Amino acid sequence: MGTQSLIDTAKAMMAEGKGLLAMDESMGTISGRFEKEGISNTVENRRAYRELIVTTPGIGECLNGAILFDETVHQSTKDGVPFIEVLERAGVIPGIKVDEGAVDMAGFPGEKITQGLDKLRERLADYRGMRLRFAKWRAVITIGKGIPTQGCIHANTHALARYAALCQEAGIVPIVEPEVIMEGDHDLETCFAVSQDVQRQLFVQLEDQRVDLRGLILKPNMVLPGLESATQASTDEVARATVLCLLGSVPTTVGGVAFLSGGQSPQVATEHLNAMHVQYGKILPWPLTFSFSRAIQDPELHYWKGKAENVQGAQQIMYNRMRLNDLARKGEYAAEMEKEYA
Ligand code: 13P
């Protein structure tokens, strides 16, 4: 698979007016989300939930791509159509989460390292054979007393770059996700400084590993004060800090930038994305969109509750949420639309 095909896939993933959906919750994560809604975490419930998502009418009008979990890529609708095929027919590019989760980092209390590089080359070849055209790897960076350390940032960005190189070798576009998490009482400035440090080191590592940035998507956190911070920030402050951070660390050749939502409410995540486009849309050197999980799925999962009779309503809720994010991606969203789309 040549360079041009990676560039073409990255372009298609970032095509105008749409975004990406992260529906790649691992077993542990989906179990927590189901439990919150009183849904039992069975194989069939997970299958039914993913069927609800991929068969949402109009999904292809809203999304360029969807990130799946390993279990999901082997599953089908109750009528026997593989989920990968359902997405392809709708014009949504299927991708796959390939990291194996963040675990405690040896010798670095309070910090995490993402695992999954062993046998990754073989797994990527299998996934490419299943027509999965892009992948995702998430690194977790925590802000706290004395952390993040340079040791943790170095280890995680190095792993992200090695993963990205293996993806491109396999003809798969890597989404690199260095997530500075929201937990903590730090302020906006601290999140800015840490995010910029992490992103800058990531691009040094990517260059060292000879990754072609044109065939790569960055999935960053927005720059936000910690959840327990005494001073919260306005929408415009978040938009400004996030865009300035990216402009200072992300090379212009990168295929695109697609945000995680990180625990922001659906409306707040949409407002932040919209403000970035309203204020800076004309000067951004790369396409900038969403790759949310919770900020798209939470309302629809809450409505569904695992009940067949709620599927249609849940799909409508999800469609509307994606539509609002599509508008935000163009800087055309307004808070009053929430009522109209409710
Ligand atoms: P959230 O949007 O819920 O942060 O999830 C994005 C994601 O893909 C995490 O890896």
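Heads up: the structure comes first, above all this text.
Fair warning: this is a prediction, and the values are worked out from it, not measured in the lab.

**Details of the overall build of the chain**
Secondary structure assignment for the chain yields 14 helices and ten strands. For 342 residues, the compact-globule estimate of 2.2 N^0.38 gives 20 Å, and the chain sits close to it at 19 Å. Across its three principal directions, the C-alpha atoms of the chain cover 50 × 45 × 40 Å. Split into buried and exposed, the 342 residues of the chain put 56% on the buried side. Put simply, the chain shows about 14,000 Å² of open surface, and 51% of that area lies on carbon and sulfur atoms. Charged side chains of the chain number 35 positive and 44 negative; the gap between the two group centres comes to 3 Å.

**Quick look at the packing of aromatic side chains**
Under the criterion given, the structure shown has five aromatic pairs. Taking the centre distance of 5.3 Å and the plane angle of 25° together, the rings of Tyr 49 and Trp 304 count as stacked. Note that Tyr 49 is positioned in helix H3 (residues 43-54) and Trp 304 in helix H12 (residues 294-304), a separation of 255 residues in sequence. On the accessibility criterion, Tyr 49 (1% relative accessible area) is buried.

**What about the site of the ligand?**
Around the ligand, the structure places Ala 22, Lys 136, Arg 138, Glu 177, Lys 219, Leu 260, Ser 261, Gly 262, Ser 291, Phe 292, Ser 293 and Arg 294. At 2.9 Å from an oxygen atom of the ligand is found a side-chain nitrogen or oxygen belonging to Glu 177. The separation between an oxygen atom of the ligand and a polar side-chain atom of Lys 219 is 2.6 Å. For the ligand, whose unbound accessible area comes to 300 Å², protein coverage reaches 92%. Taken together, the elements giving at least two residues each to the shell around the ligand come down to strand S6 (134-141) and strand S10 (288-292). Its residues assigned to classes, the shell around the ligand comprises three nonpolar, four polar and five charged.

**Regarding the nonpolar core**
Grouped together as the largest cluster of nonpolar side chains are 80 residues, with contacts concentrated most on Val 98, Tyr 163, Leu 206 and Leu 216. Aside from chain neighbours lying at most four places away, what touches Tyr 163 is Val 98, Leu 117, Leu 120, Ala 135, Lys 136, Trp 137, Pro 174, Ile 175 and Val 176. Ile 153, Val 180, Leu 188 and Val 223 belong to the second largest nonpolar core, which has 14 residues in total.

**A few points about the environment of Lys 36**
If you trace the backbone, Lys 36 turns up in helix H2 (residues 27-36). Taking the relative accessible area as the measure of exposure, Lys 36 reaches 67% and is therefore exposed. Note: C-alpha distance between Lys 36 and Leu 301 (265 residues apart in sequence) is 9.9 Å.

**Observations regarding a nonpolar patch on the surface**
There is a patch of nonpolar side chains on the surface, built from Leu 244, Leu 247 and Ile 283 and spanning about 250 Å² of accessible area. The exposed category is assigned to Ile 283, whose relative accessible area is 53%.

**Thoughts on unusual backbone geometry**
A cis amide bond, omega 10°, links Ile 147 with the succeeding residue Pro 148. Note on placement: Pro 148 falls in the loop between S6 and helix H8 (150-169). The backbone phi angle of Lys 119 is positive, close to 60°, even though this residue is not glycine. For Lys 119, a relative accessible area of 64% gives the class exposed. Although it is not a glycine, Lys 305 sits at a positive phi angle of roughly 55°. Among the residues examined, Lys 305 registers a relative accessible area of 31% and is labelled partly exposed.

What counts, and at which threshold
- Residues numbered from 1 in each chain as written.
- Predicted model: local features only at pLDDT ≥ 70, side-chain atom pairs only at ≥ 80, totals over all residues.
- Heavy atoms only, no water.
- Helix = DSSP H or I, 4+ residues; strand = E, 2+ residues; numbered from the N terminus.
- Rg over C-alpha atoms; globule rule 2.2 N^0.38 Å.
- Buried < 20%, exposed > 50% of the residue type's maximum accessible area, 1.4 Å probe, protein only.
- Areas by Shrake-Rupley, 256 points an atom, 1.4 Å probe, with all protein chains shown as cover.
- Lys, Arg positive; Asp, Glu negative; His and termini not counted.
- Charge placed at Lys NZ, Arg CZ, Asp CG, Glu CD.
- Phe/Tyr/Trp six-rings, centres within 6.5 Å; stacked < 30°, edge-to-face > 60°.
- Near = heavy atom within 4 Å.
- Polar contact = N/O pair within 3.5 Å; in protein donor to acceptor, adjacent residues only side chain to side chain.
- Nonpolar A, V, L, I, M, F, W, Y, C, P; charged D, E, K, R; others polar.
- Core = buried A, V, L, I, M, F, W, Y, C linked by side-chain atoms within 4.5 Å.
- Contact = heavy atoms within 4.5 Å.
- Patch = residues over 30% accessible without salt bridge, like charges linked within 9 Å, V, L, I, M, F, W, Y side chains within 5 Å.
- Salt bridge = Lys/Arg side-chain N within 4 Å of Asp/Glu carboxyl O.

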